[in-house]
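# Report on the structure
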Amino acid sequence: MHYIEGGRPPGAALASPGCRDPRPPRESVPLELRGVVYFATESALWTGGRAFYDPDAQGRVYARAHLVTAGQFRDIAAQEMYRAPGTGPDLAPALRHGRARLGEGRYETLVCPGTLDGLPVLTFTAPWALGDVPLNAPSEGYLRQLAAGLLEAEAWDGAAVAAYLAGCPGAAGRWTAERVAELLRD
């Protein structure tokens, strides 16, 4: 909601300006995607590794799908690309081809991994794949935010979410399921 309404999430270093249309998603549902979430590079917002999605890697991704307008998605993507709302990317190439590389930077590749209830599922990630960049463990605040979001979906319990996040490349070996679960109790 910080990307939609604007503001700074707890534990984050920076605030987001928000979308031009601040209405909440019409619906939010749990979703499992083919691929892998991994942590790499260094987040200016959270410190530690950022989460990236590799739809071509073998695995399963826990996610939430938020039903937002195309304009809201474009504004959210623009914010992640360090651009102002209103300057977001053209979604048509990703919808037509399943993927559109907009630049070399992180979160500058749009991916459409399929549809849900007849609507396209869209996300953004890096242009590189798992294994192309060094992994970097995520920070406590970032993992807490990701875990809380997955738990809000009410599809997985705390133990499943903690084990899932602790097992993602970049977090694996640096975080345990027990320590991720503790973050939710802190």
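Residues numbered from 1 in each chain as written. Predicted model: local features only at pLDDT ≥ 70, side-chain atom pairs only at ≥ 80, totals over all residues. Heavy atoms only, no water.

### Let's talk about the overall build of the chain
Helix and strand counts for the chain come out as six helices and seven strands. Scanning the chain from its N terminus toward the C terminus, one meets helices and strands in the order α-β-β-β-β-α-α-β-β-β-α-α-α. The dimensions of the chain, computed from C-alpha atoms along their principal axes, are 40 × 30 × 30 Å. The buried share among the 186 residues of the chain stands at 45%. Taking the contacts inside the chain whose residues are at least 6 apart along the sequence as the reference set, 57% of them involve residues at least 24 apart. (Helix = DSSP H or I, 4+ residues; strand = E, 2+ residues; numbered from the N terminus. Buried < 20%, exposed > 50% of the residue type's maximum accessible area, 1.4 Å probe, protein only. Contact = heavy atoms within 4.5 Å.)

### Points about unusual backbone geometry
Look at Thr41: it is not a glycine, yet its phi comes out positive at around 55°. Examined against the element boundaries, Thr41 turns out to sit in the loop between strand E2 (36–40) and strand E3 (50–54). One non-glycine residue, Tyr107, lies in positive phi territory at about 65°. Tracing the chain through its elements places Tyr107 in the loop between strand E5 (99–101) and strand E6 (109–116). Classification of Tyr107 as buried rests on a relative accessible area of 7%.

### Some thoughts on the packing of aromatic side chains
With the rule as written, the count across this model stands at nine aromatic pairs. Both rings, one in Tyr107 and one in Phe124, keep their centres 5.9 Å apart while their planes meet at 75°; by these two values the pair is edge-to-face. Taken together, the positions of Tyr107 in the loop between E5 and E6 and Phe124 in strand E7 (residues 119–125) put the pair 17 residues apart, joining distant regions of the chain. What makes Phe124 buried here is its relative accessible area of 14%. One aromatic cluster in this structure is built from Tyr38, Phe52, Phe73, Tyr107, Phe124 and Trp128. (Phe/Tyr/Trp six-rings, centres within 6.5 Å; stacked < 30°, edge-to-face > 60°.)

### Section: the side chain of Gln79
Among the secondary structure elements, Gln79 is positioned in helix H2 (residues 70–80). Classification of Gln79 as buried rests on a relative accessible area of 9%. Contacts of Gln79, omitting those with residues within four sequence positions, involve Tyr3, Ser16, Pro17, Gly18, Cys19 and Pro85.

### Considerations on the packing of helix H5 (residues 158–167) against helix H6 (residues 177–185)
It is the contact of H5 with H6, at a shortest axis distance of 8 Å, that shows an interaxial angle of 125°. Between H5 and H6, the interaxial angle falls into the category oblique. As for how H5 packs across H6, the hand of that crossing is right-handed. Packed against H5, whose contacting residues are Ala162, Ala163, Leu165 and Ala166, the element H6 presents Ala177, Val180 and Ala181 at the interface. (Axes fitted to C-alpha atoms, helices over the stretch in contact; angles between N-to-C directions. Parallel < 35°, antiparallel > 145°, perpendicular 65-115°, else oblique. Left-handed = near helix turned anticlockwise from the far one by under 90°.)

### Notes on H2
Counting buried positions over the eleven residues of H2 gives eight, a clear majority of the element. Among all positions of H2, only Gln72, Phe73, Asp75, Ile76, Ala77, Ala78, Gln79 and Glu80 are buried. Close packing links the buried residues of H2 with helix H1 (2–5), E6 and E7.

### Describing H5
Listing the buried residues of H5 in full gives Val161, Ala162, Tyr164, Leu165 and Ala166. Looking at the buried positions of H5, the neighbouring elements they touch are E2, strand E4 (60–66), helix H4 (140–152) and H6. The N-terminus of H5 is capped by Asp157, whose side-chain oxygen sits 3.2 Å from the backbone nitrogen of Ala159. (Polar contact = N/O pair within 3.5 Å; in protein donor to acceptor, adjacent residues only side chain to side chain.)

### Considerations on the pattern of salt bridges
Counted under the stated rule, the structure contains nine salt bridges. Salt-bridge contacts for Glu108 lead to Arg83; the nearest nitrogen and oxygen are separated by 3.5 Å. Placement of Glu108 in the loop between E5 and E6 and of Arg83 in the loop between H2 and helix H3 (92–97) is noted, with a sequence separation of 25 residues between them. Relative accessible area serves as the criterion here: at 14%, Glu108 is assigned to the buried category. The salt bridge partner of Arg179 is Glu140, with a shortest N-O separation of 2.9 Å. (Salt bridge = Lys/Arg side-chain N within 4 Å of Asp/Glu carboxyl O.)

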